[in-house]
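Coordinate analysis (summary)
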Amino acid sequence: METILADDTSSPVIVWFRRDLRLADNAALSAAVETGRPVIALFIREAAGASSMPLGAAQAWWLHHSLLALKASLQQAGGDLLLLSGPAEDVLAHVAAEAGVETVYFNRCYERDERDRGIARALKQAGVAVQAFHGQLLSEPSAVRTGAGKPFRVFTPFWKALQALGEPREPMAAPKAIAGHSLSAASENLDDWNLLPVRPNWAAPFVDVWTPGEAGARERLETFIEEGLGNYKAGRDIPALEVTSRLSPHLAHGEISPAQAWHAATGVPDVDPAQVTHFRRELAWRDFSYTLLVEFPELATRNWNPSFDDFQWTFDERQFRAWTKGQTGYPIVDAGMRQLWQEGYMHNRVRMITASFLIKDLMIDWRKGEEWFSDTLVDADPANNAASWQWVAGSGADASPFFRIFNPLLQGEKFDPGGEYVRRYLPELDKLDDKYIHRPFAAPEDVLQKAGVVLGETYPRPLVDHFEARDRALAAYKNVG
Ligand code: FAD
């Protein structure tokens with residue numbers, strides 16, 4: 001790291017940005033600005049392994065654009081963004097020493113509490129104070145406890161306890177003016193971080209779907225409140241509808257706080273309170289996932305329920321590849337996997353179906369799916385992704401039992417009856433009758449011909465027979481525990 005010299009007279013403070021790439025409702029930033037001192041807004045790029053989840057390729061694309069947006073907002077307010085690479089403890093200590101910083105401010109992000117505590121201890125030993133704030137979740141994991149003072153492992157009582165704490169705090173406004181610091185001139189160049197894909201630029205279609213950054217998050221929230229919230233409860237299960245908020249990548253990068261999303265749903269004219277409660281309940285699932293991650297930091301790599309350690313997974317590379325590419329022969333699964341590839345996102349219902357298919361129909365270890373989603377989702381989140389995969393596998397806390405095996409045919413017919421979602425992502429099936437849209441392999445030859453579908457050529461035959469696969473999975477499950 002090159003030496004950087006400060007020339008400001010009053011000693012600055014550091015705000016260490018991580019999964020909180022926003023100005024509004026950012027407790028650490030607001031507190032730092034209130035000191036009246038110059039603010040060094042710092043983002044550190046650490047090597048893989050420093051976080052509980054490696055930075056996936058789709059997230060790297062998002063991060064690039066989100067950092068650009070954050071830098072622009074900070075500059076507009078009078079500040080700037082300093083980008084540096086290296087182990088966080090070293091970078092923080094170095095910048096603090098160079099600039100004569102007395103206090104580092106950051107928001108807790110829970111995915112690596114133990115490490116944060118170590119960093120705080122090391123800084124304190126070097127004479128630098130640390131102030132940590134809350135804001136990434138609706139409530140701090142340590143605040144939501146059972147009567148016995150233990151973390152919850154079941155969602156429904158967790159949700160009740162969370163509600164009993166009252167509403168999350170009112171969101172804070174973005175600081176109007178931020179005093180910058182000359183040190184920002186020593187920033188590394190974002191382009192040199194090579195976060196964007198080049199050859200091929202597979203993220204090109206993402207720009208039509210997403211606007212990373214705080215302004216994009218705010219816009220997404222406003223659209224959802226106006227157009228989605230009123231039909232959230234029933235509509236959220238229909239993948240063809242744009243009813244859910246699609247806030248997940250913005251929340252994962254902290255471009256919006258869950259408290260902002262919670263409060264935006266208050267008092268919306270003509271919206272039934274039951275819709276609002278349902279939306280807030282989903283936000284609470286995110287808090288619940290973090291509670292699990294804090295209790296069990298290896299959530300992404302180890303079965304929560306150790307009986308699953310004995311499960312006999314199989315791994316067929318060809319089948320796994322077919323799943324990742326959306327070529328399983330089950331349209332609802334393939335449409336989901338292709339949505340993931342095209343948008344870096346997948347509808348929640350279809351995430352459950354595709355995950356169940358990988359784990360139970362193909363009997364591939366849930367960790368392989370977790371890794372693939374981590375790499376390809378723009379909303380990849382260390383707690384939500386791991387907790388959700390373990391939920392589908394049946395190995396998690398409060399999980400769906402293993403023997404609940406999603407039938408991809410019935411799921412498609414129930415939640416995408418006219419095949420609108422399937423047709424959107426599988427154009428090769430566009431002309432197929434509704435009756436066969438979720439089971440092309442069962443269509444008579446003349447129906448296929450009329451729709452221009454040649455099984456095994458334009459669209460694959462099923463990789464496995466779902467009913468045989470189901471029996472195989474249930475037989476393997478008998479040996480668990
Ligand atoms: P909305 O329905 O609008 O919900 C609002 C917010 O609540 C979401 O943005 C999210 O932060 C939270 N939320 C909603 N549903 C859930 C849930 N089931 N569990 C936890 N939080 C929830 N979500 C992620 O944010 N990151 C992931 O990496 C992730 N991986 C998943 C993997 C699998 C296998 C499954 C089944 C689910 C996963 N989810 C993940 C949960 C869920 O699918 C997404 O949060 C949701 O689809 C995001 O869309 P939305 O913002 O429109 O959600």
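All values derive from a computational prediction rather than experimental measurement.

**Looking at the pattern of salt bridges**
Opposite charge on two side chains allows them to pair when their charged atoms are near. Applying the stated criterion across every chain yields a total of 23 salt bridges. R169 is the partner of D25 in a salt bridge, and the nearest nitrogen-oxygen pair spans 3.4 Å. Highlighted residues: D25 in the loop between β1 (13-17) and α1 (27-34) and R169 in the loop between α5 (155-164) and α6 (206-209), separated in sequence by 144 residues. On the accessibility criterion, R169 (30% relative accessible area) is partly exposed. For R112, the salt bridge goes to D116, with nearest N and O atoms at 3.8 Å. Residue D116 is classed as buried on the basis of its relative accessible area of 6%.

**Some thoughts on the layout of surface pockets**
To find leftover empty space, one rolls a probe the size of a water molecule over the atoms. Each pocket or cavity is described by its volume, and for the largest pocket that value is around 1,200 Å³. Lining the largest pocket we find 43 residues, and of these R236, E282, W285, N348 and S388 sit closest to its centre. Going through the elements one at a time, α9 (248-252), α11 (273-295), α14 (348-361) and α16 (382-393) are the ones with two or more residues in the lining of the largest pocket. Here the lining of the largest pocket gets 10 residues from one element, more than from any other, and that element is α11. Here the lining of the largest pocket is composed, by residue class, of 21 nonpolar, 10 polar and 12 charged. Within this model, the second largest pocket holds a volume of roughly 540 Å³. Looking at the second largest pocket, it is lined by 24 residues, and the ones nearest its centre are F43, I44, S51, L55 and L63. Secondary-structure elements contributing two or more residues to the lining of the second largest pocket are β1, β2 (39-45) and α2 (57-76).

**Considering the sheet that holds strand β3 (residues 81-85)**
Strand order across the open sheet formed by five strands is β3-β2-β1-β4-β5, with parallel pairing between neighbours. Because the sheet does not close on itself, it has two edges, and the strands there are β3 and β5 (129-133). On average, each strand axis in the sheet is tilted by 30° relative to the strand beside it, whichever way the strands run. One ladder, built from three bridges, connects β1 with strand β4 (residues 103-107); its direction is parallel. Each residue of the ladder has a partner; that of V15, found in β4, is Y105. Helix-sheet contacts for helix α4 (residues 113-125) involve β1, β4 and β5, and the interaxial angle to β5 is about 150°.

**Looking at the packing of helix α12 (residues 317-325) against helix α15 (residues 366-376)**
Where α12 meets α15, the closest approach of the two axes is 12 Å, and the angle between their N-to-C directions is 35°. The handedness of the crossing between α12 and α15 is right-handed. In this structure, α12 contributes F320, R321, W323 and T324 to the contact, and α15 contributes K368, G369, W372 and F373. Tallied by class, residues from the contact of α12 with α15 come to four nonpolar, two polar and two charged.

**Notes on the site of the ligand**
Taken together, 26 residues sit near the ligand, with Y232, T244, S245, R246 and N348 positioned nearest. Contact distances for the ligand include 2.5 Å between an oxygen atom and a side-chain N or O atom of Y232. The contact in question runs from an oxygen atom of the ligand to an N or O atom on the side chain of S245, over 2.6 Å. When each cavity is represented as a set of grid points, the ligand is found to reside in the largest pocket. Among the secondary structure elements, those contributing two or more residues to the shell around the ligand are α9, α11, α14 and α16. Ranked by residue count, the leading element in the shell around the ligand is α11, at five residues. Split by residue class, the shell around the ligand holds 13 nonpolar, seven polar and six charged.

**Some words on empty space enclosed by the protein**
What the rule picks out here adds up to four cavities of 30 Å³ or more. In this structure, the largest cavity encloses a volume near 80 Å³. For the largest cavity, the full set of lining residues is P239, L241, E242, T244, R246, Q339, Y345, H347, Y421, R424 and Y425. Approximately 60 Å³ is the volume attributed to the second largest cavity. Considering the residues around the second largest cavity, the lining is formed by 13 residues, among which R19, D20, R22, Q136 and G254 are closest to the centre. Residues belonging to the lining of the second largest cavity are distributed by class as follows: four nonpolar, four polar and five charged.

**Considerations on a negative patch on the surface**
On the surface, a cluster of negative charge is contributed by E219, E222, E226 and E227. Following the sequence through the fold, E227 ends up in helix α7 (residues 214-227). Given the relative accessible area of 60%, E227 is considered exposed.

**Describing the pairing of β1**
Of all five residues making up β1, five are buried, and the element is well covered by its neighbours. Judged by which residues are buried, β1 turns out to be covered on both faces: V13, V15 and F17 on one side and I14 and W16 on the other are all buried. As defined by bridge partners, β1 adjoins β2 across five bridges and the pair is classed as parallel. In the strand pairing of β2, V13 is matched with V39.

**What about the nonpolar core?**
In this structure, W323, F373 and L432 are the most contacted members of the largest nonpolar core, which totals 58 residues. For this core, the elements supplying multiple residues, two or more each, are α12, α13 (331-343), α14, α15, α16, α18 (420-425), α19 (445-451) and α20 (466-477). When residues of this core are assigned to their parent elements, the largest contribution, seven residues, is made by α14. Residues in contact with F373, not counting those within four places in the same chain, are W323, M337, L340, M346, R351, T354, A380, N385 and W389.

Procedures and definitions
Residues numbered from 1 in each chain as written. Predicted model: local features only at pLDDT ≥ 70, side-chain atom pairs only at ≥ 80, totals over all residues. Heavy atoms only, no water. Salt bridge = Lys/Arg side-chain N within 4 Å of Asp/Glu carboxyl O. Helix = DSSP H or I, 4+ residues; strand = E, 2+ residues; numbered from the N terminus. Buried < 20%, exposed > 50% of the residue type's maximum accessible area, 1.4 Å probe, protein only. 1 Å grid on protein atoms, 1.4 Å probe; cavity = no way out; pocket = protein on both sides within 12 Å on 5 of 7 lines; lining within 4 Å. Points joined across faces, edges and corners; volume = space filled by probe spheres on them. Nonpolar A, V, L, I, M, F, W, Y, C, P; charged D, E, K, R; others polar. Pairing = 2+ DSSP bridges. Axes fitted to C-alpha atoms, helices over the stretch in contact; angles between N-to-C directions. Contact = heavy atoms within 4.5 Å. Left-handed = near helix turned anticlockwise from the far one by under 90°. Near = heavy atom within 4 Å. Polar contact = N/O pair within 3.5 Å; in protein donor to acceptor, adjacent residues only side chain to side chain. Sits in = over half its atoms within 2 Å of the grid points. Patch = residues over 30% accessible without salt bridge, like charges linked within 9 Å, V, L, I, M, F, W, Y side chains within 5 Å. Areas by Shrake-Rupley, 256 points an atom, 1.4 Å probe, with all protein chains shown as cover. Lys, Arg positive; Asp, Glu negative; His and termini not counted. Charge placed at Lys NZ, Arg CZ, Asp CG, Glu CD. Core = buried A, V, L, I, M, F, W, Y, C linked by side-chain atoms within 4.5 Å.

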